[in-house]
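In case you want the letters, here they are:
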Amino acid sequence: MSDKISKEVLTEWLEIVRPFAHDGHVADYIPALAKKHPEDLAVAIHYHDGTTVSEGRDEDCFTLQSISKVIALALALMDNGEDYVFERVGMEPSGDPFHSIYRLEQHNPSKPLNPMINAGALAVTNMIHGVTPDEKVGRLLSFIHEMTDDHSIRHSEEVASSEFETAFLNRALLYYMKQHQVVDGSVEETLDAYTKQCAIEVNVKQLARIGALFANEGRDLDSNRQIISKHFARICKTFMVTCGMYDASGAFAIKVGIPAKSGVSGAVVGSLNKFGGIAVYGPALDEKGNSVVGLKLLEMMSNRYDLSIF
Ligand code: GLU
């Protein structure tokens, strides 16, 4: 394992990256996200040996947004098995923005390219077992409670309904996929489950622990319980490498080299075998949808501590 990064180093680095918070823009296409302050920064590391370090606004909650796609994928794989999931959703990076619709028409029969873009993620949510949206989200929350050993984690109704009311593109993706039998059941109910899934709130310490669990091949670091199989944890981490940072995943792999997933709330989770989980939060996003401060901090960490997996 590489050297541990101390709290003092994190404090110093947060101040170095703070000015970059104003280089990006807080997401406002989900109205409730627009209220966030660009300088509310936080970082946490959950090391492989179970110890943790965090700095900044490490108790503040933010919504998972697209980071939930990795967790939902793990649950859908456990619910349905690999063959079922990948018959309906592909494994290839798209190189397109996360909510792009046009590739859906290029594949015959229609199939979203991967589970990290919105089309694929909506199809994955549709596959999670549960009769009602609340049952699906309840199962996802129980899974997150197990991963974090924290039963207080909930979704924000304010953020979920703010997205539900304005999610015209995601509705369009779902209706298209319903027409082509990629998803079944009610579009509105799948969208309800998806927006609640994206609105699950955590802080950086809880998120770093989730990253550490994936890094530890699906085993909880405290109890040593296998919560996700090694194989499914590996599938999720591979998607983090190939498609986790939107259509900037290639540049991120070269510059940082940490399997990671970001969300439009400004959070990024990294997962490094034999090191642990890293979570960074900074709500201002670059033009691809990645946290500006998150990218800077992860690049600094990776370079200074030689964290790239490549
Ligand atoms: N709930 C967001 C959406 O579907 C998630 C997007 C993201 O974080 O990339 O638009």
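As a reminder, the structure under discussion sits directly above these lines.
None of these values were measured; they are calculated from a predicted model.

## Concerning helix α10 (residues 230-243)
Thought 1: For α10, built from 14 residues, the straight-helix expectation of 20 Å at 1.5 Å per residue is met to within 8% by its first-to-last C-alpha distance of 20 Å.
Thought 2: Taken together, the buried positions of α10 are Phe232, Ala233, Ile235, Cys236, Lys237, Phe239, Met240 and Cys243.
Thought 3: For α10, the secondary structure elements touched by its buried residues are α2 (68-80), α3 (82-88), α9 (204-215), α11 (249-255), β6 (260-262) and β7 (267-272).

## Structural notes on the environment of His37
Thought 1: When you line up the elements, His37 lands in the loop between β1 (25-26) and β2 (42-47).
Thought 2: Residue His37 is classed as partly exposed on the basis of its relative accessible area of 43%.
Thought 3: In this structure the C-alpha to C-alpha distance between His37 and His25, which are twelve residues apart in sequence, comes to 10.0 Å.

## Here's the deal with the pattern of salt bridges
Thought 1: Per the stated rule, a full pass over the model turns up 19 salt bridges.
Thought 2: For Arg18, the salt bridge goes to Glu15, with nearest N and O atoms at 3.0 Å.
Thought 3: Lys196 is paired through a salt bridge with Asp192; the nearest N and O atoms lie 3.2 Å apart. On the criterion of helical spacing, the pair formed by Lys196 and Asp192 is a turn pair, its members being four residues apart in helix α8 (residues 187-198).
Thought 4: What emerges from the salt-bridge pattern is a single network uniting Glu15, Arg18 and Glu39.

## Re the side chain of Thr125
Thought 1: Inspection of the secondary structure puts Thr125 in helix α4 (residues 118-127).
Thought 2: A distance of 2.7 Å separates polar atoms of two side chains, one belonging to Thr125 and the other to Gln197.
Thought 3: Setting aside anything within four residues of it in sequence, one finds Thr125 in contact with Lys136, Thr190, Ala193, Tyr194 and Gln197.

## A few points about the sheet that holds strand β8 (residues 276-281)
Thought 1: An order of β3-β2-β8-β7-β6 is seen for the five strands of this open sheet, with the pairing classed as antiparallel. Two strands bound the open sheet, and with one partner strand each, they are β3 (52-56) and β6. Ignoring which end each strand starts from, the neighbouring axes of this sheet average 10 degrees apart.
Thought 2: As judged from the five bridges shared by β2 and β3, these two strands associate in the antiparallel manner. The partner of Ile45 across the bridge, within β3, is Val53.

## A look at the layout of surface pockets
Thought 1: Considered as a void within the structure, the largest pocket measures approximately 270 Å³ in volume.
Thought 2: Around the largest pocket, the lining comprises 13 residues; the ones closest to its centre are Phe252, Lys255, Asp286, Leu295 and Glu299.
Thought 3: Elements that contribute at least two residues to the lining of the largest pocket include exactly α11 and α12 (292-305).
Thought 4: Considering every element that reaches the lining of the largest pocket, the biggest residue donor is α12, with four residues.
Thought 5: Across the lining of the largest pocket, the residue classes tally to six nonpolar, one polar and six charged.
Thought 6: In this model, the second largest pocket occupies a volume close to 200 Å³.
Thought 7: Lining the second largest pocket are Glu217, Lys230, Ala233, Arg234, Lys237, Thr238, Val241, Pro259, Ser271, Leu272, Asn273 and Ile309.
Thought 8: Residue assignment for the lining of the second largest pocket shows that the elements contributing at least two residues are α10 and β7.

## Re the nonpolar core
Thought 1: Within the largest apolar cluster, 64 residues are counted, with the highest numbers of intra-cluster contacts made by Phe143, Met147, Met177, Leu207, Phe214 and Ile228.
Thought 2: No other element matches the eight residues that α2 contributes to this core.
Thought 3: Non-local contacts of Met147, meaning those with residues more than four positions away in its chain, are made with Ile71, Arg209, Ile210, Leu213, Phe214, Asp220, Ile227 and Ile228.
Thought 4: Core analysis: the next-biggest nonpolar cluster, separate from the first, contains 28 residues, Leu14, Val268, Met301 and Leu307 among them.

The rules behind the values
Residues numbered from 1 in each chain as written. Predicted model: local features only at pLDDT ≥ 70, side-chain atom pairs only at ≥ 80, totals over all residues. Heavy atoms only, no water. Helix = DSSP H or I, 4+ residues; strand = E, 2+ residues; numbered from the N terminus. Expected span 1.5 Å × (residues − 1). Buried < 20%, exposed > 50% of the residue type's maximum accessible area, 1.4 Å probe, protein only. Contact = heavy atoms within 4.5 Å. Salt bridge = Lys/Arg side-chain N within 4 Å of Asp/Glu carboxyl O. Polar contact = N/O pair within 3.5 Å; in protein donor to acceptor, adjacent residues only side chain to side chain. Pairing = 2+ DSSP bridges. Axes fitted to C-alpha atoms, helices over the stretch in contact; angles between N-to-C directions. 1 Å grid on protein atoms, 1.4 Å probe; cavity = no way out; pocket = protein on both sides within 12 Å on 5 of 7 lines; lining within 4 Å. Points joined across faces, edges and corners; volume = space filled by probe spheres on them. Nonpolar A, V, L, I, M, F, W, Y, C, P; charged D, E, K, R; others polar. Core = buried A, V, L, I, M, F, W, Y, C linked by side-chain atoms within 4.5 Å.

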